[in-house]
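Residues per chain are reported as follows:
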Amino acid sequence: MFTGIVEERGEVVAATATEDGRRLRIAGNAVVEDLQHGQSVSVSGACLTVERTEPGEWFEVFLAAETVAKTYLGELDEGDAVNLERAVRADARLDGHFVQGHVDTVTRITDVREVGEDWVFEFAVPEAYDGYVVEKGSVALDGISLTVAERDAETFAVAIVPTTYDLTTLGEKAVGDPVHFEADVIAKYVESLVGGYR
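Below you will find a few notes about this structure. Per chain, residues are indexed from 1 in the order of the written sequence. Residues qualify for local features only when their pLDDT is at least 70, as the model is predicted, and side-chain atom pairs are given and counted only at 80 or more; totals for whole chains, interfaces and linings, by contrast, use all residues. Side-chain numbers come from the whole structure's heavy atoms, not from hydrogens or water.

The subject of this paragraph is the overall build of the protein. A count of helices and strands for the protein gives three helices and 12 strands. The principal-axis extent of the C-alpha atoms belonging to the protein is close to 50 × 45 × 40 Å. For this analysis, residues touch if any pair of their heavy atoms sits within 4.5 Å. Nonlocal contacts in the protein, meaning residues at least 24 apart in sequence, comprise 67% of its contacts between residues at least 6 apart. Surface accessibility follows the Shrake-Rupley procedure with a 1.4 Å probe radius. Residue values consider only the protein chains on display as shielding. Here the protein displays about 10,200 Å² of accessible surface, and carbon together with sulfur accounts for 47% of that area. Charge assignment in this entry is limited to Lys and Arg as positive and Asp and Glu as negative, and neither His nor the chain termini are counted. The atom standing in for a charge is NZ when the residue is Lys, CZ when it is Arg, CG when it is Asp and CD when it is Glu. For the protein, the separation between the mean place of its 16 positive charges and that of its 38 negative charges on side chains is 3 Å. Numbering of helices and strands starts at the N terminus; helices are DSSP runs of H or I of at least 4 residues and strands are runs of E of at least 2.

Right, dumping it as structure tokens:
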């Protein structure tokens, strides 16, 4: 479980194809200091298991076939940036929202505009998840906990403050780029629970 508060931007320093999937080696600073074999880490919103680590330098994760199919992580190569967050501790503050790291789908950026000191990013509403995108509701985009500011039939927009723009990979994204989308898990549970009463 994660909060969607990205701790830092990491860098892919090696990407290796295997018979069963793909392996990534990712360098970072704070996040890699205490990562251990078997722990969970969010890599641009996808919950992955640490296989190997060199404390303070890098860690390695394996992308199974399903991860490659549901995310864009299989397309990453050496030099690409990723958002990193360690799993939340039970005694920690929950500053974002409950993020599972189970990417639902990939969407695309449809517009980026600067508004004063902030930025507004617009995304295509994933068709299968239309009901989960509501104004003032939470979504996780590339592992970032964000609030939907505006919503129309085909797109939704989020406001990005300078800190988020600078700290995360959003500052490097452009129109047309892919972004991992995870709907709010609480909305999914509510839908499941009340589904029989419709």
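Additional details are given in the paragraphs that follow.
Moving on, we come to the sheet that holds strand 6 (residues 81-86). Paired strands, in this sense, are two strands between which DSSP finds at least two bridges. Around the barrel, six strands lie side by side as 1-2-5-4-3-6; this closed barrel has antiparallel pairing. For this sheet, the mean angle separating the axes of adjacent strands, direction not counted, is 45°. Relative to strand 4 (residues 46-54), strand 3 (residues 40-43) is paired through four bridges, and the arrangement is antiparallel. Bridge pairing in strand 4 places V43 opposite A46. Helix axes are fitted to C-alpha atoms over the stretch in contact, other axes to C-alpha atoms as well, and angles between N-to-C directions run from 0 to 180 degrees.

Aromatic ring pairs: the centre-centre distance and the angle between the two ring planes describe each pair. Two aromatic rings, drawn from Phe, Tyr or Trp (for Trp, its six-membered ring), form a pair once their centres lie within 6.5 Å of each other, and the interplanar angle then sorts them: stacked below 30 degrees, edge-to-face above 60, tilted otherwise. Evaluated as defined, the whole model comprises seven aromatic pairs. Plain terms: the ring middles of F121 and F123 are 6.4 Å apart, the flat faces sit at 20° to each other, and that makes the pair stacked. Here the term buried applies to any residue with accessible area under 20% of the maximum for its type, exposed to any over 50%, and partly exposed to those in between, with areas from a 1.4 Å probe on protein chains only. Residue classification places F121 among the buried positions, given a relative accessible area of 0%. Overall, F123 belongs to the buried group, its relative accessible area being 0%. Here, over-ring charges are defined by two tests on the NZ atom of lysine or the CZ atom of arginine: distance to the ring centre within 6 Å, and angle to the ring normal within 35 degrees. Its guanidinium or amino end placed over the ring of W58, R25 lies 3.7 Å from that ring's centre, counting from NZ or CZ.

All right, on to the layout of surface pockets then. Taken as a whole, the largest pocket holds about 360 Å³ of empty space. Space inside and on the surface of the protein is sampled on a 1 Å grid over the protein atoms alone, with a cavity defined as a set of points where a 1.4 Å probe fits but cannot get out and a pocket as an open set with protein on both sides within 12 Å along at least 5 of 7 lines; lining residues have an atom within 4 Å of a point. E7, R86, A87, V88 and R89 are the residues nearest the centre of the largest pocket, which is lined by 15 residues in total. Taken together, the residues that form the lining of the largest pocket break down as five nonpolar, three polar and seven charged. Grid points are joined across faces, edges and corners, and a volume is the space filled by probe spheres set on the points. Ten residues, namely Ala, Val, Leu, Ile, Met, Phe, Trp, Tyr, Cys and Pro, are considered nonpolar, four, namely Asp, Glu, Lys and Arg, are considered charged, and the remaining ones, Gly among them, are considered polar.

So, on to the pairing of strand 11 (residues 155-160). Within strand 11, five of the six residues are buried, leaving the element largely enclosed by the surrounding structure. Summarising the sheet, strand 8 (residues 118-124) and strand 11 pair through six bridges and their orientation is antiparallel. Its bridge partner being in strand 11, W119 is matched across the sheet by I160. Relative to strand 11, strand 10 (residues 144-151) is paired through three bridges, and the arrangement is antiparallel. The residue bridging E150 from the neighbouring strand is A157, located in strand 11. The loop that links strand 10 with its antiparallel partner strand 11 comprises three residues.

With respect to the helices and strands, the residue N29 is situated in the loop between strand 2 (21-27) and strand 3. Classification of N29 as exposed rests on a relative accessible area of 56%. The spacing of N29 and G56 is 27 residues in sequence and 6.0 Å in space, taken between C-alpha atoms.

Whenever a carboxyl oxygen of Asp or Glu lies within 4 Å of a side-chain nitrogen of Lys or Arg, that contact is scored as a salt bridge. This structure, assessed with the given rule, holds nine salt bridges. Taking the shortest distance from any N to any O, the salt bridge between D130 and R151 comes out at 2.4 Å. You can see D130 sitting in the loop between strand 8 and strand 9 (138-141) and its partner R151 sitting in strand 10, a full 21 residues away along the chain. D142 is paired through a salt bridge with K173; the nearest N and O atoms lie 3.3 Å apart. Remark: K173 occurs in the loop between helix 2 (162-167) and strand 12 (178-183) and D142 occurs in the loop between strand 9 and strand 10; sequence separation between them is 31 residues. Like K173, D142 is buried. Salt bridges linked by common partners bring E7, D34 and R86 together as one network.

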